[in-house]
Amino acid sequence: RSVSWRWPGSDRQRDGRRTLALLLPLGGNAWALCEGGSPNLTLAQEMREARFVVIARPQTFMHVQDLAEAPDGYVATRVRLKVDEVLYGKAPAEVTAKGGLLDIVEPNTSARFGLDERDVGKPYLLFVYEGEDGNWISACGHSGELARNRATLRQVRGIAAGRR
């Protein structure tokens, strides 16, 4: 089941696959809830639905401003990552090339995956989806810092080997 949503004041529709973004006021912060918990897909399902799976390291961050949508802030962050390895899927040439680069869009909403400048250089296991505004990472999937996702990495490698 997919849940579609629109940014306030925007005609551009976003796809919130299996993400139910509910905002709950908790101590002044807003939190996204994942429909069915997190991760809300099995690993095999997410590998089928994601465009590709990589190990990559965040390099640079650029805030995208749109004064009509967010006059006091920014609507998204474009994150450039250096790709260490493509594990599965159909990645474009700029990703698969030696020293490949990957750009993702992190909306400035509670549904974002949550990379920031403190993550520069840390390896991440990322399930990359393709959207209208570029590549994105589900906050409700199996993506995460590699150091905490070694077991998931082993499973990804096993599933990928079985599908070749």
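Residues numbered from 1 in each chain as written. Predicted model: local features only at pLDDT ≥ 70, side-chain atom pairs only at ≥ 80, totals over all residues. Heavy atoms only, no water.

Asks: Please give an account of the packing of aromatic side chains that cites residues and values.
Replies: For the structure on display, the rule yields 2 aromatic pairs. Geometrically, the ring pair formed by Phe113 and Tyr124 is edge-to-face, given 6.3 Å between the ring centres and 80 degrees between the ring planes. Of this pair, Phe113 sits in the loop between strand S5 (101–107) and strand S6 (124–131) while Tyr124 is found in strand S6, placing the two residues 11 residues apart along the sequence. A relative accessible area of 6% places Tyr124 in the buried class. Considering the side-chain rings of Tyr129 and Trp136, the 4.8 Å spacing of their centres and the 20 degrees angle between planes classify their relative orientation as stacked. One exposure class covers both Tyr129 and Trp136, and it is buried. (Phe/Tyr/Trp six-rings, centres within 6.5 Å; stacked < 30°, edge-to-face > 60°. Helix = DSSP H or I, 4+ residues; strand = E, 2+ residues; numbered from the N terminus. Buried < 20%, exposed > 50% of the residue type's maximum accessible area, 1.4 Å probe, protein only.)

Asks: Go over the confidence of the model for the protein chain with me, naming the residues and quoting the values.
Replies: Any residue range with low pLDDT should be treated as having predicted coordinates unsuitable for detailed reading. Here the protein chain shows a mean pLDDT of 77. Residues at 70 or above account for 70%. Note on residues 1–31: pLDDT is under 50 here. Beyond four places in sequence and across chains, it has 66 contacts. (pLDDT = per-residue confidence, 0-100. Contact = heavy atoms within 4.5 Å.)

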